[in-house]
Amino acid sequence: MSLAASHDPAFLSAWRRAPALQFTGVIEGGLTLLCLFLFSQGLIGPLFADPANPESSVVLRLIWLPVYALTLVLAVTRPGEVLRTLAGNWLMLALVLLTAVSVIWSVAPDTTLRRAFALIMTTFFGFWMAARWSWRSLILLTATTFIGLAVLSTLMALAMPSLGVDHEVHAGAWKGVWWEKNTLGAMMAWGAVACFAALHMDPRRRWIWMGGAVLCCALVLLSTSKTALLSLLLGTGGAMGIALCRRGFGFASLMLFLGLTGAAGGALILLIAPVEFLELLGRDATLTGRTDIWAILSRQAMEVPWTGYGYMAFWANETGPVFWVRQGTDWPVPTAHNGWIETALAVGLPGVAMMALVFGRALVRAAGRLFHGPETYWTLTFLAMLGLVSISESNLLQQNSIGWVLLVATAAKLADRRAR
């Protein structure tokens, strides 16, 4: 400390507060890790709930109330930053509030009211993360969470294979700390790209992030999830493309050409020989019955295109429109297996349009940072992977979901001019 600084009251005050601020940061970091773990729904779901009816679990219903209360407490400690984040993301806020308004026309008002409140609090936690943490801290906390989940999933599969490994429909496929293999695969694909981004943010601990990435990639393979594997290839390929683009304009032009050529080639293959291509990936032409479900649900969504059936209400009313869907498919369909159709069923085409604008703006902002900032290794790859998975899974506008939390936090951070 210099002599001049030692007589500066403002400097002395800040210097005395430094240990307290560091301690507060450690506490907030620990609470963030805990909440992200809970939002992942890893471990607690298989142990305390029936996968066919998670809402029946008293533990799962009660565990979220302390999380919501904690979210409010954390937000109150930083009101200015949180309010600025909310103001800068009014479209996403409006979309989430629309789910609460949908209780007016919902076919299951009680379900809509309860789950819309859960979605609002889940979104609020994502906004708080964006307001509280820098890009570096946000990515490192995310990568640490996924490494922890990867380690727990490995231990679960090896020590308790009755829970961690599928022995029925997909015998031998690892499920880890989740109900099904597809969830393990999707989570670990995100974990791998989070570790890649953390490697660029914190190269001093490269062995931790490299080890975490390798473990996450191995778990994607052990899950045998084809969608997760495609997502992982997209994420890792995207990270490599970003690195090559930043090596010069020539590399950027080459990667852009290869990306466009690959996309055009893939579209051409799907148009000419979709069945053969899907069979090559180990999938049938109906994507395990998904196309049949999508066709029926699309017709149901067009019955009420401007309102939908209310947030999460379509599947809650057993005697409502879902009855005819399950009759037509001859099995108890639990979700739309498509994030966009699920959104249309919940809040209609206006909600789909708002979701598309939120997602599109975030993607454009991430692409605009292609040559600047290590955070692009997370933002661009994560958004691309989330968009891919949304085609076959209902992963948008999901309450108590780590995927939605990370989308909110990433989109809100991208909208922050100071962070850019």
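Residues numbered from 1 in each chain as written. Predicted model: local features only at pLDDT ≥ 70, side-chain atom pairs only at ≥ 80, totals over all residues. Heavy atoms only, no water.

(A) Fine view of the overall build of the chain. Regarding its fold elements, the chain presents 19 helices and zero strands. Taking all 420 residues of the chain together, 49% fall into the buried category. Of the contacts made within the chain by residues no fewer than 6 positions apart, 73% connect residues no fewer than 24 positions apart. By element, 71% of the accessible surface of the chain is carried by carbon and sulfur atoms, the whole surface being about 19800 Å². (Helix = DSSP H or I, 4+ residues; strand = E, 2+ residues; numbered from the N terminus. Buried < 20%, exposed > 50% of the residue type's maximum accessible area, 1.4 Å probe, protein only. Contact = heavy atoms within 4.5 Å. Areas by Shrake-Rupley, 256 points an atom, 1.4 Å probe, with all protein chains shown as cover.)

(B) Looking closely at the packing of aromatic side chains. Per the counting criterion, the structure on display carries ten aromatic pairs. Consider the rings of W190 and F382, whose centres lie 5.5 Å apart with planes at 70°: the pair is edge-to-face. Of this pair, W190 sits in helix 10 (residues 181-201) while F382 sits in helix 18 (residues 376-389); the two residues are 192 residues apart in sequence, bridging distant segments of the chain. Look at F382 and you get buried, because its relative accessible area is 0%. By the ring-pair criterion, three or more aromatic residues cluster together here, those being F39, W64, F125, W128 and W133. Lying over the aromatic face of W133, R132 brings its terminal NZ or CZ to 4.1 Å of the ring centre. (Phe/Tyr/Trp six-rings, centres within 6.5 Å; stacked < 30°, edge-to-face > 60°. Lys NZ or Arg CZ within 6 Å of the ring centre and 35° of its normal.)

(C) Structural detail: the nonpolar core. Grouped together as the largest cluster of nonpolar side chains are 98 residues, with contacts concentrated most on M129, M188, M355 and W378. With sequence-adjacent residues up to four places away left out, W378 is seen in contact with W135, I139, T142, W190, V193, A194, A197, L406 and T410. Counting residues in each nonpolar core, the second largest holds 16 residues, with I296, L297, A301 and V352 among its members. (Core = buried A, V, L, I, M, F, W, Y, C linked by side-chain atoms within 4.5 Å.)

(D) Expanded view of empty space enclosed by the protein. For the coordinates displayed, the defined rule picks out two cavities of 30 Å³ or more. The space that makes up the largest cavity amounts to roughly 100 Å³. G88, N89, W90, L91, M92, V358, R361, A362, R365 and A411 are the residues that line the largest cavity. It is helix 17 (residues 339-368) that provides the largest number of residues to the lining of the largest cavity, a total of four residues. A class-by-class count of the residues in the lining of the largest cavity yields six nonpolar, two polar and two charged. A volume near 80 Å³ is recorded for the second largest cavity. Forming the boundary of the second largest cavity are 13 residues, of which Y311, M312, E342, T343 and A346 lie nearest the centre. Residues that form the lining of the second largest cavity fall into these classes: nine nonpolar, three polar and one charged. (1 Å grid on protein atoms, 1.4 Å probe; cavity = no way out; pocket = protein on both sides within 12 Å on 5 of 7 lines; lining within 4 Å. Points joined across faces, edges and corners; volume = space filled by probe spheres on them. Nonpolar A, V, L, I, M, F, W, Y, C, P; charged D, E, K, R; others polar.)

(E) Spotlight on the side chain of Q300. In this fold, Q300 is placed in helix 15 (residues 290-301). Residue classification places Q300 among the buried residues on the basis of a relative accessible area of 16%. In this structure Q300 touches Y309, F314, P321, W324, V325 and L345, once residues within four positions along its chain are discounted.

(F) Examining unusual backbone geometry more closely. Despite not being glycine, Q41 has its phi angle at roughly 60°, a positive value. Among the structural elements, Q41 can be located in the loop between helix 2 (9-40) and helix 3 (44-48). By relative accessible area, which is 25% here, Q41 ends up partly exposed. A positive phi angle, near 60°, is found at T224, a position not held by glycine. Within the secondary structure, T224 sits in the loop between helix 11 (206-223) and helix 12 (226-245).

(G) How the structure looks around the packing of helix 8 (residues 135-159) against helix 19 (residues 402-415). One can describe the packing of helix 8 onto helix 19 by two numbers: an axis separation of 12 Å at closest approach and a directional angle of 165°. Judged on the interaxial angle alone, helix 19 and helix 8 are roughly antiparallel. Considering how the two elements wind past one another, helix 8 and helix 19 form a crossing that is left-handed. Across the interface between the two elements, W135, L138, T142, T145 and F146 from helix 8 touch I402, L406, A409, T410, K413 and L414 from helix 19. Across the contact of helix 8 with helix 19, the residue classes tally to seven nonpolar, three polar and one charged. (Axes fitted to C-alpha atoms, helices over the stretch in contact; angles between N-to-C directions. Parallel < 35°, antiparallel > 145°, perpendicular 65-115°, else oblique. Left-handed = near helix turned anticlockwise from the far one by under 90°.)

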